[in-house]
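Chain and residue survey
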Amino acid sequence: MAETPPTAAAAPGPVLVRLSPAQESMWLEQQLHPSAINGGFLSVLVRGDVTAAQVRDACLVVCEDNPQLRGLVTGGSEARMAVHPAPDVLQFEEQPLAAAPGEELAEARRWYRENRVGPWDLTTRTPIAFSLLDHGGERRTLVVGVHHIAFDGRSKFVFARQFLRALDALRTPGSTPHRPDRDLPEHPEIDQELDQVLQYWLAADLPSLPALVLPRGDGADPGEEVRPTPRFDLPAAHCARLGRLAQEAGVSFFTGLVACLAAVLHSYGNTRFVVGIPVDTSVPETRDHIGLQVNVVPCLIEVEEDAGFRGLLATAGRALDLVRRHRRVPFGWVLRELRRRHGADVSQGAFDRIGVSCPTVVRDLQEVPGLEFDWDFFAPNSTRSFDLILQLRREGGAAYGRLDFTAAAIDPAAAARLTADYTRLLERLTERPDTPLHLLDEGYVRAPAPTRSGIPGQAAAGRGSYRELAAAAAGTDVSPVIHCPVEQFLPTAAISAFSRAGGRIVLDVVDPALGRLGGCAWHTDDPYGTWLTGPQPGLRFRVTDPAGRTLPRGVPGLLGIHGDPRPGTFRAWIDADDRIRLLGLADQVHHWVGRSLDRTEAEAVIASLPDVHEAAVLVEPQAGGATPKVSAVVVPAVGTDGDPRVWRRTVRHVWPSGWPQPAVHLVDRLPRTAAGTVDGAGLGAELRR
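Residues numbered from 1 in each chain as written. Predicted model: local features only at pLDDT ≥ 70, side-chain atom pairs only at ≥ 80, totals over all residues. Heavy atoms only, no water.

1. Comments concerning the nonpolar core
Within the largest apolar cluster, 91 residues are counted, with the highest numbers of intra-cluster contacts made by Leu234, Leu388 and Tyr422. If you look at the next biggest cluster of nonpolar residues, it comprises 40 residues, including Ala204, Trp333, Val651 and Trp659. (Core = buried A, V, L, I, M, F, W, Y, C linked by side-chain atoms within 4.5 Å. Buried < 20%, exposed > 50% of the residue type's maximum accessible area, 1.4 Å probe, protein only.)

2. A few points about unusual backbone geometry
Residues other than glycine seldom take positive phi values, yet Glu138 does so here, at roughly 55°. Examined against the element boundaries, Glu138 turns out to sit in the loop between strand S6 (128-134) and strand S7 (139-147). By relative accessible area, which is 46% here, Glu138 ends up partly exposed. Unusually for a residue other than glycine, Asp611 sits at a positive phi of about 70°. Given the relative accessible area of 42%, Asp611 is considered partly exposed. (Helix = DSSP H or I, 4+ residues; strand = E, 2+ residues; numbered from the N terminus.)

3. What about the sheet that holds strand S16 (residues 481-485)?
For sheets, the rule is that strands pair by backbone hydrogen bonds, running either parallel or antiparallel. What the four strands build is an open sheet, ordered S16-S17-S18-S19; its pairing is mixed. Lying at the two open borders of the sheet, with one neighbouring strand each, are S16 and strand S19 (534-535). Two elements, strand S17 (residues 504-511) and strand S18 (residues 515-522), share seven bridges in a ladder whose sense is antiparallel. What sits directly across from Val509, in S18, is Gly518. Against the sheet, helix H14 (residues 493-500) touches S16, S17 and S18, its axis set at about 115° to S17. (Pairing = 2+ DSSP bridges. Contact = heavy atoms within 4.5 Å. Axes fitted to C-alpha atoms, helices over the stretch in contact; angles between N-to-C directions.)

4. Looking at the packing of helix H7 (residues 236-249) against helix H9 (residues 309-326)
In contact at an axis separation of 10 Å, H7 and H9 are set at 60° when each is read in the N-to-C sense. Here H7 runs over H9; the crossing is right-handed. Contacts between H7 and H9 pair Leu242, Leu245, Ala246, Glu248 and Ala249 from the former with Phe309, Arg310 and Leu313 from the latter. (Left-handed = near helix turned anticlockwise from the far one by under 90°.)

5. Here we look at the pattern of salt bridges
Summed over the entire model, instances satisfying the criterion amount to 45 salt bridges. The residue Glu104 makes a salt bridge to Arg139 at a minimum N-O spacing of 2.7 Å. With Glu104 in helix H4 (residues 104-115) and Arg139 in strand S7, this residue pair connects regions lying 35 residues apart in the sequence. On the accessibility criterion, Glu104 (4% relative accessible area) is buried. Given a relative accessible area of 14%, Arg139 falls into the buried group. Here Arg336 and Glu337 are joined by a salt bridge, their closest N and O atoms 2.8 Å apart. For Glu337, a relative accessible area of 2% translates into the label buried. Linked by salt bridges that have partners in common, Asp195, Arg336, Glu337, Arg340 and Arg341 make up one network. (Salt bridge = Lys/Arg side-chain N within 4 Å of Asp/Glu carboxyl O.)

6. Considering the packing of helix H8 (residues 253-267) against helix H11 (residues 412-431)
For any two helices packed against each other, the geometry comes down to the angle between their axes and how far apart the axes lie. Relative to each other, H8 and H11 sit at 110°, their axes nearing to 9 Å. With respect to H11, the element H8 is oriented roughly perpendicular. Seen along the crossing, H8 lies across H11 with a hand that is right-handed. Residues Leu257, Cys260, Leu261, Ala263, Val264 and Ser267 of H8 form the contact with H11, whose own contacting residues are Leu418, Asp421, Tyr422, Leu425, Leu426 and Leu429. The class makeup of the residues in the contact of H8 with H11 is 10 nonpolar, one polar and one charged. (Parallel < 35°, antiparallel > 145°, perpendicular 65-115°, else oblique. Nonpolar A, V, L, I, M, F, W, Y, C, P; charged D, E, K, R; others polar.)

7. Some details on the packing of aromatic side chains
Taken as a whole, this structure holds 14 aromatic pairs when the rule is applied. Aromatic side chains Phe41 and Tyr112 sit 4.6 Å apart centroid to centroid with 35° between the ring planes, which places their arrangement in the tilted category. Pair noted here: Phe41 is in strand S2 (residues 39-48) and Tyr112 is in helix H4, with a separation of 71 residues, a long-range link. We classify Phe41 as buried; its relative accessible area is 4%. For Tyr112, a relative accessible area of 7% puts it in the buried group. Ring geometry for Phe163 against Trp375: centres 6.3 Å apart, planes inclined by 85°, an arrangement best described as edge-to-face. A residue pair is termed long-range when its members are at least 10 positions apart, and Phe163 in helix H5 (residues 155-171) and Trp375 in strand S13 (residues 371-376) qualify at 212 residues. Residue classification places Trp375 among the buried positions, given a relative accessible area of 18%. (Phe/Tyr/Trp six-rings, centres within 6.5 Å; stacked < 30°, edge-to-face > 60°.)

In structure tokens form, the structure reads like this:
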């Protein structure tokens, strides 16, 4: 097959065309992650006297009119798309599906997600597939599954117009069902624009970009599946006020929606973060083409101290100016070139943490005599474009939305909390646009603990140590209460067995600046992990950001005392039942390029492995935002296998996904300071020797 320029001429056999820069990036990403799903679906319920053959032929017409829908990607050193005649590659099936009247689209969603969502081999399957589900009684739902290499979010509305036009023509004698084959879009040179994008981000101090703070709840799991929240509504009155404020600020309504999300994230303690914006890159000549003409532009938002919503609208407007300037540069190219040319690793977590999408919903769909149509353009996505993406739509004077999220990033309860906060804050922000944002936030202060805490008391000077706890766990006497500073604690298998046998373990929580905060009567089977079961009587606790601003309940931060302006040393969050959940010391978290690695969590994961006596994790930062070097250090229990290869496999198997893979080291003991904590500098020097 000879490669040809992208032309409209239909050919009797396959014609090779080159991939666009964005398609090339998507193809390479799929080669790296073949099990990933980069696609979505839309549905339409058709009621009336229509045959399956008519629906199939209308789908065939759309594919004939749009060459990329009938292309197969060819492998090799430089991938191309082989465009085939539509009848040769059309994917169309018919299936029965029982559904009560009014439930057809919901049942079709469920059927597709359970039966058709999965990896998509672009070398054997074209980027579009049709499933016609027959519900009986002249009710059919057409589900259109698509791969994003040739079908973006904008294309679903283009498809709807073309499908209805083709179906109407097929049912009307003498009508022509389609126009001549459309040209494939030309791909402009973008090298100069790419250099400008890279320079912008290099000047933005990427290495210091902190990880995004999100609310917590119970039930998070490590799954990567994309899940949707229920729909939430933004009332017309709120949207009208937002529209007026946006107009006064000289920005768009969409910019106002992004500014509201920025206010929500600010209420969680975030002041500097990146929001990804899907953007339409089509031009007038290609606007009615189905294809990949949507890009993602990451936008840096920095919320100024004491800013109100009017100021935040201006800030969001300046940030979204990047969309206009950088819209043609493929998102994947930005990630690749920052890493390749400058060593800045922004591959996961920095630019794809959270996004906002608000496409225009099509309103000009034609009618087809004798048929009724209900379109479902708001079906949940099956693609992880972001860890969280706020999907918003305007409807008349109001708006509505949902949050698509991965369970690894946030659990369903916390996702619902975020959407509720968005709705609540939109009302407050538009009613009081000049009030500083922090005065609109709902900082939470916990009521004081009763005078009797139920935790055995012990002076800070006699707090015990991890080694004393480990020695007690190795013995046979489980009657005494064993104290250990919470910052030294490791939940090894031996200590868990000691707890299950009746051993009493109290983890003392003493802040170097704030004093004793209480204790944790730790038990290995406690579903809430490490929490302040015995708060110091009389203290009113709060969780703050590093600047001392009190955060809402459910948001992690620094554990502090109400009335004391000093930030605490321990990280924690207060759950819905007023439990203070402890996360470790603040200095145990290493941030780089919008991500974080929690050494406390990593050490607990390793320590819980069988035959581990002690464990430590060291992090060595790298210049320019490069991935840090991580060392996992294990002290095996006496008499266990000391084969480094076995331990390397074991540790990496349980290592949290998304964190840099560690170098695994075995040592006989961990050096500790006089206070009992691991001497990180001494351990690092020992490993280097």
